[in-house]
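# Observations on the three-dimensional arrangement
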Amino acid sequence: LVAESQGMIGFAIAQALASSTGNAPVTTLMTRVEVDPQDDAFSTPSKYIGPVYQPDQQTELEERYGWQMKKDGDYVRRVVPSPRPQKILERQAISQLLADGNVVICAGGGGTPVVEENGSYQGMEAVVDKDLAASVLAQSLQAEALLILTEADAVYLDWGTPKARALRTATVDDLRPLAVPDGAMGPKAEAAIQFVEMTGHPAYIGALRDAPAILRGEKGTHIAPAAVDRKSTRLN
């Protein structure tokens, strides 16, 4: 299903980008991501996938398909493992495409998770976190920066409270308390921390609509490796 999504959504993104990047070719690449078969995630599935079901359907679905299911609000949903990404198998192809001037769409949906078995790769029923996969990809490509785009216009402290305030600049230590597996900003914070610590280059988090301004330092949150002004400020 991840591979199918990579192709379908990749096609749509490629169509849109091809009309706005001048003469630069746009390439969508099916991307496999190696995971560790011993990852603890395989024993504790936690990633919700698929539609919701009525609670009284749980036993039948688990017996029929061998699924594991968990409560999701008033319903139940299937859960699968979410192992940590270890390596982008198509990294060399991505690097070559970039060197040839392509705009490359890759690692969609976190990439298709695979494990190595007897010298070949076997697909796994799992979902890799897309932000962590992006961080691993950016590191392997020696990227100058990692830009994570989302719905929120920045990383906020005290989110959802009257005291909520946006971080314009932050260090990895400022961001670390937010790097929790909450399925929202937590994985993005963890991905940014990982990239900055491993490369010494900056990471940015902000809204899709603000992408150019974020890279100019005008909007979003800038995560730096060295000490910066730690003051939290409200964004204009």
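What you are looking at is a predicted structure, and each value in this text was computed from that prediction instead of being measured.

Here the focus is the nonpolar core. Side chains of nonpolar character tend, in soluble globular proteins, to be buried together. Counting 22 residues, the largest nonpolar core has L175, F195, A203, I205 and I223 as the members making the most contacts within it. Elements with a contribution of two residues or more to this core: helix 4 (130-140), strand 10 (146-150), strand 11 (155-157), helix 5 (172-175), helix 6 (185-199) and strand 14 (203-207). Of the residues forming this core, the biggest block, seven residues, is contributed by helix 6. Non-local contacts of F195, meaning those with residues more than four positions away in its chain, are made with S135, A138, Q139, A143, E144, A145, L146, G200, H201, P202 and A203.

Taken together, four strands build an open sheet; the order of strands is 6-2-8-9 and the sheet is mixed. Edge positions in the sheet fall to strand 6 (85-88) and strand 9 (120-123), since each has one partner strand and no second. Recorded for the sheet is a direction-independent mean angle of 45 degrees between the axes of neighbouring strands. Examined bridge by bridge, strand 2 (residues 32-35) and strand 6 share three bridges and lie antiparallel to one another. For E34, the partnering residue across the bridge sits in strand 6 and is K87.

Another aspect to go through is the sheet that holds strand 15 (residues 221-224). Strand order in the open sheet formed by four strands is 10-14-15-13, with mixed pairing between adjacent strands. The sheet is open, and its two edges are formed by strand 10 and strand 13 (169-171), each paired on a single side. Across the sheet, the axes of successive neighbouring strands diverge by a mean angle of 20 degrees, strand direction being ignored. Of the strand pairs in this sheet, strand 13 and strand 15 are connected by three bridges, and their pairing is parallel. Its bridge partner lying in strand 15, T171 is registered against A224.

Let us now look at the environment of A154. When you line up the elements, A154 lands in the loop between strand 10 and strand 11. When the C-alpha atoms of A154 and I205 are compared, they prove to be 6.0 Å apart, with 51 residues separating the residues in sequence.

How two aromatic rings sit relative to each other is set out by the distance from centre to centre and by the angle between their planes. In the structure shown here, the tally under the stated rule is three aromatic pairs. Summarising the aromatic geometry, the rings of Y53 and W67 are spaced 6.2 Å apart at their centres and angled 50 degrees between planes, so their arrangement reads as tilted. Of this pair, Y53 sits in strand 3 (residues 47-53) while W67 sits in the loop between helix 2 (58-65) and strand 4 (68-72), and the two are 14 residues apart along the sequence. Y53 gets classed as buried once you look at its relative accessible area, which sits at 19%. Considering the side-chain rings of Y65 and W67, the 4.7 Å spacing of their centres and the 25 degrees angle between planes classify their relative orientation as stacked. For Y65, a relative accessible area of 45% corresponds to the partly exposed category.

What counts, and at which threshold
- Residues numbered from 1 in each chain as written.
- Predicted model: local features only at pLDDT ≥ 70, side-chain atom pairs only at ≥ 80, totals over all residues.
- Heavy atoms only, no water.
- Core = buried A, V, L, I, M, F, W, Y, C linked by side-chain atoms within 4.5 Å.
- Buried < 20%, exposed > 50% of the residue type's maximum accessible area, 1.4 Å probe, protein only.
- Helix = DSSP H or I, 4+ residues; strand = E, 2+ residues; numbered from the N terminus.
- Contact = heavy atoms within 4.5 Å.
- Pairing = 2+ DSSP bridges.
- Axes fitted to C-alpha atoms, helices over the stretch in contact; angles between N-to-C directions.
- Phe/Tyr/Trp six-rings, centres within 6.5 Å; stacked < 30°, edge-to-face > 60°.

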